[in-house]
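Next come the chains, spelled out residue by residue.
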Amino acid sequence: MFDVIVIGAGVIGSSAAYHTAKRGFKTILLEQFDFLHHRGSSHGESRTIRATYPEDYYSSMVLESSRLWEEAEAEIGYKVYFKTIQLDMGPSDNKSLQAVISSCKKNSIPVRVLDHSQVYEEFSGIFELPEDWIGFVTEHGGVLKPTKAVSMFQTLALKNGAMLRDNMEVTKIKKDGVQGGVLVRTRNGQEFYGKKCVVTVGAWMKNLVREITSQMLPIQPLETSVHYWKIKQGFEDKFTIQNGGFPTFASYGEPYVYGTPSLEFPGLIKIGVHGGRPCEPNERTWVAASPTVVDSLKKWIEARFQGLVDPSGPVMSQSCMYSMTPDEDFVIDFLGGDFGKEVVVAGGFSGHGFKMAPLVGRILAELVADGVAQGVDLKYFGIGRFEGNLQGNVKDFDDQVNHISGFSI
């Protein structure tokens, strides 16, 4: 019997396996596909890490995650986290943008608010903002290497004694009335027994939880695309971390646009729209973003970068998935019911959870070990928030993805 069975080997599950194994728990990590596959939400070449959130409770989680990323890097001996500054921008009256500035101040995160001309000067004429826009700069930005990071956590889990098995699609989780704990059964007929179970299956969460409990978690998979755009010849160095000090960035309003410095593909910059279209995770189209989304990006790039980035179209696009909750907050909780505190679920990371994977993995290990998380208030991430209120947590600012994604359960 295992102390902990972790189901789902994306970045959250791999981090959880690392943290449980590091605590000395006999751990097994199960993945339904090949390890490091491209069918979920934890693959690719870059993710943004930033501490700028309109919700007060995320900023401190990001800062702690930054420390834990560096701690894991020190253990493995290579880098997955590349620091730079973060630039947020948008109309000065945007409620989300103002909420982010307020949140930074509440969390003692230094922030420099700039008008449109100061942004132009600060970034050597790269960003051109409308007169009624503002930008603000914080020091806590950066780029994470996703596939490399997942591999890092899996390697560290192995080094700490965990067992890893891929091509193990879990079809059943049930209470083990004989030995206690839980029985996990896979499609190929194998069975695993564990005292505790952690479920981190990303876009498959809603379907798996419904199968084992008939409970409906409002976590909607969205198919999204990331796009790479060509930088004008002769200006490539201005868009890098190393030479240009280029920031990770987010642009508020419609569309909500995000981007990272030129890092993974020389001469290209990643710029995308936060959102996607509802899908079933096993029935994806793998089609690039709709013309409407691409057109909105073309217009944004043409207006912001003044010819330094070719706005005629992306030269490369990659498909990915979100697991979106109605309030865009995580689900980190005991499954409850007949399972009590023996099964923990973590999902609904809504296109912004990757950066917090080291901390979420530690939280899951603490829930397994002690039943409580240390130093993090999980009240915003409970399953119970959806009882009688499928919208979940109430926010005092504008939604960031509803205009693109829609939502269904």
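Coordinates for the structure precede this section.
Within each chain, residue numbers correspond to sequence positions counted from 1 in written order. Under the rules for a predicted model, residues below a pLDDT of 70 receive no local features and side-chain atom pairs below 80 are neither given nor counted, while totals for whole chains, interfaces and linings still include all residues. Each side-chain value is derived from all of the structure's non-hydrogen atoms; neither hydrogens nor water enter the calculation.

Trainee: What is the right way to look at the pairing of strand β6 (residues 133–144) in this model?
Mentor: A regular strand carries its side chains on alternate faces of the sheet. Under the scheme applied here, a residue whose accessible area is under 20% of the maximum for its type counts as buried, over 50% as exposed, and between as partly exposed, the area being computed with a 1.4 Å probe on protein chains only. We count a stretch as a helix when DSSP gives it H or I for four or more residues in a row; a strand needs E for two or more, and each element gets its number in order from the N terminus. For β6, a buried count of 10 out of 12 residues is recorded, marking the element as mostly surrounded by other parts of the structure. Any two strands with at least two DSSP bridges between them are considered paired. As paired elements, strand β4 (residues 81–91) and β6 share 10 bridges and run antiparallel to each other. Note that in β6 the partner of Pro91 across the bridge is Trp133. Direction of pairing for strand β5 (residues 112–115) relative to β6: antiparallel, over a ladder of four bridges.

Trainee: Looking at this model, I keep getting lost on the pattern of salt bridges. Mind explaining?
Mentor: Two side chains that carry opposite charge are able to pair once their charged atoms sit near each other. By salt bridge we mean one thing: a side-chain nitrogen of Lys or Arg within 4 Å of a carboxyl oxygen of Asp or Glu. Applying the stated rule across the entire model yields 20 salt bridges. Connected through shared salt-bridge partners, Lys22, Glu64, Arg67, Glu71, Glu75, Arg362 and Glu366 make up one network.

Trainee: Just to check I follow, could you spell out the side chain of Asp327 for this structure?
Mentor: Here Asp327 lies in the loop between β16 (316–324) and β17 (331–334). Here Asp327 falls in the buried class, since its relative accessible area comes to 5%. A 3.5 Å cut-off defines polar contacts: any pair of N or O atoms within that distance qualifies, except that in protein one atom must be a possible hydrogen donor and the other a possible acceptor, and neighbouring residues in sequence count only when both atoms are side-chain atoms. Separated by 3.0 Å, the side chain of Asp327 and the backbone nitrogen of Asp329 make a polar contact. Side-chain polar atoms of Asp327 contact the side chain of Arg385, separated by 2.8 Å. Contact criterion: two residues are considered in contact whenever any of their non-hydrogen atoms come within 4.5 Å of each other. Residue contacts for Asp327: discarding those within four places in its chain leaves Arg385, Phe386, Gln391, Gly392, Asn393 and Lys395.

Trainee: Got a minute to help me understand the packing of helix α2 (residues 56–76) against helix α9 (residues 357–370) in this structure?
Mentor: Lines are fitted to the C-alpha atoms to define the axes, a helix being fitted only along its stretch in contact, and any angle between axes, read from their N-to-C directions, falls within 0 to 180 degrees. Remark: α2 packs on α9, axes separated minimally by 7 Å, with the N-to-C direction vectors making an angle of 95°. One way to sum up the angle between α2 and α9 is to call them roughly perpendicular. Every residue of α9 that contacts α2 at Met61, Glu64, Ser65, Arg67, Leu68 and Trp69 is listed here: Ala357, Pro358, Leu359 and Arg362. Under this grouping Gly is polar, as are all residues other than the nonpolar Ala, Val, Leu, Ile, Met, Phe, Trp, Tyr, Cys and Pro and the charged Asp, Glu, Lys and Arg. Partitioning the contact of α2 with α9 into residue classes produces six nonpolar, one polar and three charged. Throughout, the term roughly parallel applies to angles under 35 degrees, roughly antiparallel to angles over 145, roughly perpendicular to angles from 65 to 115, and oblique to all others.

Trainee: What should I look at first to understand the packing of α2 against helix α5 (residues 146–159) in this one?
Mentor: Angle between the axes and distance between the axes are the two parameters that describe a pair of packed helices. Their axes nearest at 10 Å, the elements α2 and α5 cross at an angle of 60°. Seen from above, α2 lies across α5 with left-handed handedness. Residues Trp69, Ala72, Glu73, Glu75 and Ile76 of α2 pack against Ala149, Met152, Phe153, Thr155, Leu156 and Lys159 of α5. Here the contact of α2 with α5 is built from residues that sort into seven nonpolar, one polar and three charged. Handedness of a helix crossing follows the sense of rotation of the near helix relative to the far helix, less than a right angle counterclockwise being left-handed and clockwise being right-handed.

Nothing here speaks to function; it is geometry throughout.
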